[in-house]
Amino acid sequence: MKSNALGNEGNPARLLIKVTRDTLPQVKEKYPFLYLEKGRMEIDDSSIKWIDCDCNVVRLPVAMLNCILLGPGTTVTHEAVKVMAAANCGICWVGDDSLMFYASGQTPTSNTRNMTHQMKLAANPTKALEVARRLFAYRFPDANLENKTLPQMMGMEGLRVRKFYEEMAVKYKVGWKGRRFEPGKFEMSDTTNKILTAANAALYSIIMSAVHSMGYSPHIGFIHSGSPLPFIYDLADLYKQHVSIDLAFAMTAEMAGYYDRHKIAAEFRKRVIEIDLLGKIGPDIETILGKKPCSS
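Model, not experiment: these values are computed from the prediction. (Residues numbered from 1 in each chain as written. Predicted model: local features only at pLDDT ≥ 70, side-chain atom pairs only at ≥ 80, totals over all residues. Heavy atoms only, no water.)

**Student:** What should I look at first to understand the overall build of the protein chain in this one?
**Tutor:** Assigned secondary structure in the protein chain consists of nine helices and eight strands. Split into buried and exposed, the 296 residues of the protein chain put 49% on the buried side. When the accessible area of the protein chain is evaluated, it comes to approximately 14,600 Å², of which 55% is carbon and sulfur surface. (Helix = DSSP H or I, 4+ residues; strand = E, 2+ residues; numbered from the N terminus. Buried < 20%, exposed > 50% of the residue type's maximum accessible area, 1.4 Å probe, protein only. Areas by Shrake-Rupley, 256 points an atom, 1.4 Å probe, with all protein chains shown as cover.)

**Student:** I'm lost on the confidence of the model for the protein chain in this one. Help?
**Tutor:** Mean pLDDT over the protein chain stands at 82; residues scoring 70 or higher make up 83%. Confidence drops under pLDDT 50 across residues 1–10; counting only partners more than four residues distant or on other chains, this segment forms 33 contacts. The low-confidence segment residues 24–29 (pLDDT under 50) makes twelve contacts with residues lying over four places distant or belonging to another chain. (pLDDT = per-residue confidence, 0-100. Contact = heavy atoms within 4.5 Å.)

**Student:** Explain the nonpolar core to me, please; I cannot follow it from the model alone.
**Tutor:** The nonpolar side chains of soluble globular proteins are, as a tendency, buried together. Membership of the largest hydrophobic core comes to 60 residues, with the highest contact counts inside it found for I207, F268, I281, I285 and L289. Counting residues per element, this core draws most heavily on helix 5 (residues 191–213), at ten residues. Dropping the residues within four chain positions of it, I285 is found in contact with V211, M214, Y216, F231, L235 and G290. I48, L60, V62 and L70 belong to the second largest nonpolar core, which has 16 residues in total. (Core = buried A, V, L, I, M, F, W, Y, C linked by side-chain atoms within 4.5 Å.)

**Student:** I keep staring at a nonpolar patch on the surface and nothing clicks. Help me out?
**Tutor:** Together, W93, M100 and Y102 make up an exposed nonpolar region whose accessible area comes to about 320 Å². In this structure, W93 sits in strand 7 (residues 90–94). With relative accessibility at 33%, the residue W93 sits in the partly exposed group. (Patch = residues over 30% accessible without salt bridge, like charges linked within 9 Å, V, L, I, M, F, W, Y side chains within 5 Å. Salt bridge = Lys/Arg side-chain N within 4 Å of Asp/Glu carboxyl O.)

Right, dumping it as structure tokens:
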């Protein structure tokens, strides 16, 4: 579930809009996260208030929120953090529109039920394989995955993904020599690979913020291994075809090979809004892990 404050009402170019009195969550529901930018969060009579850049003051019901995402231009007082900790409301520091994830703060009394459930699934080989099978089935609903091992499903995935790259290259009439990414050598990539790398990074950041806010661990995955954020990569693969791969080939063709990060960011935001990514992540995790997420 996502708060109206996370929607795009009134500004379709934004993933997340600033909080107002009208967009605060209702007391009867607890929301996973709320995004704030360009303002100050402080305490007033044991409650937390948000003062935006126009000096508007909004009191925040932190007991009704799992997590607050602090974007650019925000400051928070020590006392405000103490009150949030007492209310079991986490904090994440993110980039503009949550397109970059920097750090998170978790309270000592945070509910760990979701993470415990995730760990139990990962620790049981049979259940972990079932989760992996659901992840693959989400992307390839027509594939016969019954009795398939993880290496077999990963092999099937590799063939299908390579085929999809080739189909996009033909569709948009873009030259394609394969996916290439070398850390620290972004500028040496071709335009399509640059866009893929940038879009994937933004996608990882959005998912990271959501996973943290819902009390799951990004480090406990079911398909990816040997990487720092396997669960993030598992989830990102569910959405890459539209928000990263198709985007990369479409923008390469539109920009005639020229890399314009502003156009790419605008198109990425548009696509994320189109598929309602912020609204999909929670229910998708619920389906994949076979359990409705608990409030953190």
